[in-house]
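# Survey of secondary and tertiary structure
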Amino acid sequence: YARTILTNFRNMKNELVKSNPINAGNIVIATIPGMVSLVTNSTITFMGIYPHINVQLFEGDNTAVMNQVMKGEADMGFVSLTRESQDESFTWEPVIRGEAVVVVNKQSPLRFLPAITGADLHNEVFVIYKDAYIEKIAAELISGGSGNRIALTTNNTQAIMQMVSRGNAITF
């Protein structure tokens with residue numbers, strides 16, 4: 001993932017170099033929580049190259065990020081959506097392509113599996129980020145008598161990680 005972000009960062013840098021020199025300004029980036037560390041790393045590098053550019057980071061769910069961009073409150077946004085869910089009023093550029101990642105406690109037997117299937121998630125307790133797209137995935141995981149349940153839905157990433165690290169739930 002980091003390589004993809006760095007490649008996109010280099011492309012942005014090259015485009016900026018081609019344009020007029022930038023001496024000062026502001027950039028607002030909106031992102032979902034799962035992308036914060038990658039966006040932050042790229043932002044730190046960017047700020048080293050353009051020290052007089054102020055970067056502001058907004059964190060929210062997919063809907064909040066898209067609203068920030070649509071209203072002009074953010075210059076760009078990073079979200080996690082399927083191709084079918086993409087709003088045509090935006091310009092979309094994939095920065096990461098991949099499969100969902102399941103986050104489990106160190107003691108979870110799931111950590112030894114090279115890949116986790118839906119059947120492997122039978123009778124699991126989930127803690128999820130409050131986001132329509134994630135809630136849709138979660139609804140599929142708990143349907144059909146799987147024995148799965150959602151213990152907590154929250155926008156607090158620290159609460160999610162605390163529940164996972166204590167072994168109370170898993171997340172994705």
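This report concerns the structure included in the present document. Computed from a predicted model, the values in this text were never measured in an experiment. (Residues numbered from 1 in each chain as written. Predicted model: local features only at pLDDT ≥ 70, side-chain atom pairs only at ≥ 80, totals over all residues. Heavy atoms only, no water.)

Before going further, it helps to spend a moment on the overall build of the protein. Helices and strands together make up the secondary structure of the protein, namely five helices and five strands. Listed N to C, the secondary structure of the protein is α-β-α-β-α-β-β-α-β-α in terms of helices and strands. Looking at the 172 residues of the protein, the share that counts as buried comes to 29%. Across the protein, every contact between residues at least 6 apart in sequence was considered, and the portion connecting residues at least 24 apart equals 68%. Looking at the protein as shown, the accessible area adds up to about 11,200 Å², and 52% of this sits on carbon and sulfur atoms. (Helix = DSSP H or I, 4+ residues; strand = E, 2+ residues; numbered from the N terminus. Buried < 20%, exposed > 50% of the residue type's maximum accessible area, 1.4 Å probe, protein only. Contact = heavy atoms within 4.5 Å. Areas by Shrake-Rupley, 256 points an atom, 1.4 Å probe, with all protein chains shown as cover.)

Of all the residues in helix H3 (residues 62-70), the buried ones are Asn62, Val65, Met66 and Gln68. Buried residues in H3, looked at end-on, bunch into an arc of 155°, giving them a common side. Contact partners of the buried residues in H3: strand E1 (25-31), strand E2 (53-59), strand E3 (76-78) and helix H4 (132-142). Where H3 starts, the residue carrying a side-chain oxygen 3.2 Å from the main-chain nitrogen of Thr63 turns out to be Asp61. Immediately beyond the C-terminal end of H3, within one or two residues, lies Gly72, with a positive phi of roughly 80°. (Arc of directions from axis to C-beta. Polar contact = N/O pair within 3.5 Å; in protein donor to acceptor, adjacent residues only side chain to side chain.)

By secondary structure assignment, the location of Val79 is in the loop between E3 and strand E4 (125-129). Val79 sits in the partly exposed class, given a relative accessible area of 23%. In this structure, the C-alpha to C-alpha distance between Val79 and Asp61, residues 18 residues apart in sequence, is 7.8 Å.

Assignment of secondary structure puts Asn105 in the loop between E3 and E4. In this structure the side chain of Asn105 is engaged in a polar contact, spanning 2.6 Å, whose partner is the backbone nitrogen of Gln107. If we ignore the near neighbours within four places in the chain, the residues touching Asn105 are Arg111, Val164, Ser165, Arg166 and Gly167.

Once that is clear, we can look at H4. Listed as buried for H4 are Tyr133, Ile134 and Ala138. All buried residues of H4 project into a common sector of 135° when viewed along the axis, lining one side. For H4, exposure combined with an orientation more than 90 degrees from the buried face picks out Ala132, Lys136 and Glu140. Of the surrounding elements, those touching the buried residues of H4 are H3, E4 and strand E5 (149-154).

With that settled, the discussion passes to the sheet that holds E2. Pairing within the open sheet is parallel, and its three strands lie in the order E2-E1-E3. At either margin of the open sheet sits one strand with a lone partner, and together these are E2 and E3. Strand-to-strand twist of the sheet, defined as the mean angle between neighbouring strand axes without regard to direction, takes the value 25°. Sheet analysis places E1 next to E3, joined by three bridges and oriented parallel. The residue bridging Ile29 from the neighbouring strand is Met76, located in E3. Its contacts with the sheet place helix H2 (residues 36-49) against E1, E2 and E3, and it is angled at close to 175° to E2. In the packing of H3 onto the sheet, contacts are made with E1, E2 and E3, and the angle to E3 comes to roughly 170°. (Pairing = 2+ DSSP bridges. Axes fitted to C-alpha atoms, helices over the stretch in contact; angles between N-to-C directions.)

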